[in-house]
Amino acid sequence: MVSKEGAIYFVILLLLSSYLMFFRLGASSLKGGEANHAVVSKHVADTGELYPLYMISMDPRAEKRYYCMKPPLKIWAEALAFHYLSYNEFSARIVDAIFGVLTVLLVYVMVSLIFGHPTLGLLASMITLAFPPIIISHCFRHGNQDSALVFFYTAAILFYLLYKKRDSRLSFCLSVVSMVLGLLVKDVFLLFFGFSTILGEFLILNRNPRAIFTTRNLALVAIPLLSYVSYKIYSGVATHGVCLSRFFKPPFILSLGEHKPRYIKGFAYYLNLLYKFYGVFFLLTFLAILRKYPARFMRSPRNDPEERDLDWNLALFTLFICLLYVLAISIPIYKVKRYLYPVIPGLAVAMSFFIWTFIRSMINAKAKALLILVLAIFMAVSYTHLRAH
């Protein structure tokens with residue numbers, strides 16, 4: 001049963017996210033990667049050839065060549081937009097804008113279901129939208145694969161949280177399906193999710209080592225991995241071996257040859273970028289965790305009664321796997337902002353829970369009102385920055 005409050009929040013988020021995603025969406029010309037993807041999608045729309053994908057040169061004398069840079073799912077969606085609308089900038093970006101709106105609404109609905117508070121879902125969605133680059137740079141308003149990757153990575157996290165909360169097989173299956181679809185959008189990024197999830201479950205949700213080697217955990221890693229390998233083999237056969245070589249050289253390995261990896265420095269760069277836009281939220285998150293666990297590292301966590309608080313552990317689990325992802329991408333990839341985008345909604349979910357509990361725990365009504373006002377001003381400044389771009 002949907003409450004009146006929940007329905008109002010849903011409509012507010014739908015209108016706000018639609019405005020931010022679609023306003024003047026086709027005003028600027030296509031550049032760089034989005035122009036290349038549009039060329040590939042246009043060829044699919046014109047010929048109806050779903051696979052293999054081809055990069056068509058503007059020179060009619062040049063031969064067409066196979067397009068092996070990205071998997072086909074986002075290309076197919078963009079081709080549908082070209083087929084039913086027209087060949088212009090708006091059609092090239094409409095799929096990304098739709099994924100943006102769906103991501104915001106998915107965060108709201110799933111957080112409301114997991115934690116049982118529509119207001120908490122609203123806060124998580126608003127924090128997601130308060131990260132300016134996710135709207136204005138190479139994501140929800142840009143004809144690239146990042147928007148779809150953000151959506152499927154977020155769906156994988158949230159459905160897994162719902163599975164842990166309600167022990168729902170359907171939620172687990174949807175999490176795995178989201179991972180597979182994400183792999184058909186942008187290569188190997190979601191393969192990391194399965195391993196980080198198992199590690200996070202062992203360290204935070206379940207301290208029993210035997211729990212790691214379960215059928216579901218095996219499926220969480222094996223099904224996406226086998227799907228990815230199967231796609232690569234099929235891709236190699238369909239392109240007569242041209243695209244198969246990229247199976248051994250995914251983008252994160254190719255990037256090692258472009259610059260020297262900077263491990264800790266790269267991790268510090270990404271954390272600094274997050275703090276630049278999410279400083280207030282990170283500060284409140286730290287205060288909430290410190291308030292909840294004032295002596296967390298001074299006593300054995302196994303004897304801590306707060307360990308039994310499932311909602312807190314789910315939020316800590318989400319924060320852990322998101323930061324683990326940031327650490328992973330900082331090793332081979334240095335100062336590439338768009339690789340940070342997939343974890344923004346997950347971080348927003350974790351931070352919103354900690355901020356929500358911190359505000360509710362405050363006794364002084366004036367201090368609580370002042371904190372809410374500060375958060376509102378911070379978000380308003382973020383949205384003003386978005387509108388300026």
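Keep in mind it's a predicted model, so treat the numbers as computed, not measured. (Residues numbered from 1 in each chain as written. Predicted model: local features only at pLDDT ≥ 70, side-chain atom pairs only at ≥ 80, totals over all residues. Heavy atoms only, no water.)

1. Observations regarding the overall build of the chain
Then step 1. When you go through the chain residue by residue, the secondary structure sums to 15 helices and two strands.
Then step 2. Intrachain contacts of the chain at a sequence separation of at least 6 include 75% that bridge at least 24 residues.
Then step 3. Surface exposure of the chain reaches about 18,800 Å², of which carbon and sulfur atoms provide 67%. (Helix = DSSP H or I, 4+ residues; strand = E, 2+ residues; numbered from the N terminus. Contact = heavy atoms within 4.5 Å. Areas by Shrake-Rupley, 256 points an atom, 1.4 Å probe, with all protein chains shown as cover.)

2. Description of helix H4 (residues 89-115)
For an α-helix, the turn length of 3.6 residues means that residues three or four places apart are oriented alike.
Then step 1. With 27 residues, H4 extends 39 Å between its outermost C-alpha atoms, agreeing within 8% with the 39 Å of an ideal straight helix rising 1.5 Å per residue.
Then step 2. Of all the bends found along H4, the most pronounced is centred on Val95 and spans about 30°.
Then step 3. Near the N-terminus of H4, the side chain that reaches the backbone nitrogen of Phe90, with its oxygen 3.2 Å away, is that of Asn88.
Then step 4. Just downstream of H4 lies Gly116, where phi reads positive at about 80°. (Expected span 1.5 Å × (residues − 1). Bend = angle between axes of the 7 residues up to and from the residue. Polar contact = N/O pair within 3.5 Å; in protein donor to acceptor, adjacent residues only side chain to side chain.)

3. Things to note about the packing of aromatic side chains
Then step 1. The final tally for this structure, using the stated rule, is 17 aromatic pairs.
Then step 2. Pairing Tyr153 with Phe193 gives two aromatic rings, centres 5.7 Å apart and planes at 75°, and the pair type is edge-to-face. Pair noted here: Tyr153 is in helix H7 (residues 146-166) and Phe193 is in helix H9 (residues 191-205), with a separation of 40 residues, a long-range link. As far as burial versus exposure is concerned, Tyr153 and Phe193 are alike and both buried.
Then step 3. Members of the aromatic cluster, each reached through a chain of ring pairs, are Phe115, Trp312, Phe353 and Phe354. (Phe/Tyr/Trp six-rings, centres within 6.5 Å; stacked < 30°, edge-to-face > 60°. Buried < 20%, exposed > 50% of the residue type's maximum accessible area, 1.4 Å probe, protein only.)

4. Remarks on the environment of Tyr341
Then step 1. Following the sequence through the fold, Tyr341 ends up in the loop between helix H13 (310-330) and helix H14 (344-361).
Then step 2. Using a relative accessible area of 1% as the deciding quantity, one classes Tyr341 as buried.
Then step 3. With 202 residues separating them in the primary sequence, Tyr341 and Cys139 have C-alpha atoms 7.8 Å apart.

5. As for the confidence of the model for the chain
Then step 1. Of the residues in the chain, 76% reach a pLDDT of 70 or more, and the chain-wide mean stands at 78.
Then step 2. Per-element confidence in the chain is highest for H4, whose mean pLDDT is 92, and lowest for helix H11 (residues 251-254), whose mean pLDDT is 48.
Then step 3. This model gives residues 251-259 a pLDDT under 50, and the stretch forms 15 contacts once residues within four places in sequence are excluded.
Then step 4. This stretch, residues 295-308, has a pLDDT under 50; its non-local contacts, to residues over four places away or in other chains, come to 13 contacts. (pLDDT = per-residue confidence, 0-100.)

6. Quick word on the packing of H4 against helix H5 (residues 118-129)
Then step 1. Two elements in contact, H4 and H5, have axes separated by 7 Å at closest approach and are oriented at 145°. For the pair H4 and H5, the crossing hand works out as right-handed. Contact residues: Val104, Val107, Tyr108, Val111, Ser112 and Phe115 in H4; Pro118, Leu120, Gly121, Leu122, Ala124, Ser125, Thr128 and Leu129 in H5.
Then step 2. By residue class, the composition of the contact of H4 with H5 is ten nonpolar, four polar and no charged. (Axes fitted to C-alpha atoms, helices over the stretch in contact; angles between N-to-C directions. Left-handed = near helix turned anticlockwise from the far one by under 90°. Nonpolar A, V, L, I, M, F, W, Y, C, P; charged D, E, K, R; others polar.)

7. Concerning the pattern of salt bridges
Then step 1. This structure, assessed with the given rule, holds seven salt bridges.
Then step 2. Residue Lys164 is joined to Glu201 by a salt bridge in which the shortest nitrogen-to-oxygen separation is 2.9 Å. Pair noted here: Lys164 is in helix H7 and Glu201 is in helix H9, with a separation of 37 residues, a long-range link.
Then step 3. Residue Asp167 pairs with Arg216 through a salt bridge whose shortest N-O separation is 3.5 Å. Taken together, the positions of Asp167 in the loop between H7 and helix H8 (169-186) and Arg216 in helix H10 (residues 215-238) put the pair 49 residues apart, joining distant regions of the chain.
Then step 4. On the accessibility criterion, Arg216 (25% relative accessible area) is partly exposed.
Then step 5. Each of Lys74, Glu78 and Asp96 takes part in one network of salt bridges that share partners. (Salt bridge = Lys/Arg side-chain N within 4 Å of Asp/Glu carboxyl O.)

8. Considerations on the nonpolar core
Then step 1. Within the largest apolar cluster, 93 residues are counted, with the highest numbers of intra-cluster contacts made by Ile127, Leu158, Phe193, Tyr278, Val343 and Phe354.
Then step 2. Among the elements that take part in this core, H7 stands out by supplying 15 residues, more than any other.
Then step 3. If you look at the next biggest cluster of nonpolar residues, it comprises 14 residues, including Ala38, Tyr51, Met55 and Ala92. (Core = buried A, V, L, I, M, F, W, Y, C linked by side-chain atoms within 4.5 Å.)

9. As for the environment of Tyr54
Then step 1. Locating Tyr54 in the fold gives a position in strand S1 (residues 54-55).
Then step 2. Residues Tyr54 and Thr239, spaced 185 residues apart in sequence, show a C-alpha to C-alpha distance of 9.9 Å.

10. Structural notes on H9
Then step 1. Over its 15 residues, H9 runs 21 Å from end to end, which matches the ideal 21 Å to within 8%, given 1.5 Å per residue.
Then step 2. For H9, the secondary structure elements touched by its buried residues are H7, H8, H10 and H13.

11. Here's the deal with the packing of H9 against H13
Then step 1. Interhelical geometry of H9 versus H13 gives an angle of 135° and a closest axis separation of 9 Å. Comparing the axis directions of H9 and H13 gives the class oblique. The element H9 and its partner H13 pack so that their crossing is right-handed. Residues Phe192, Phe193, Ser196, Thr197, Leu199, Gly200, Glu201, Leu203, Ile204 and Leu205 of H9 touch H13, and the partners they reach there are Asn313, Leu314, Leu316, Phe317, Phe320, Ile321, Leu324, Tyr325 and Ala328.
Then step 2. Residue classes in the contact of H9 with H13 are distributed as 14 nonpolar, four polar and one charged. (Parallel < 35°, antiparallel > 145°, perpendicular 65-115°, else oblique.)

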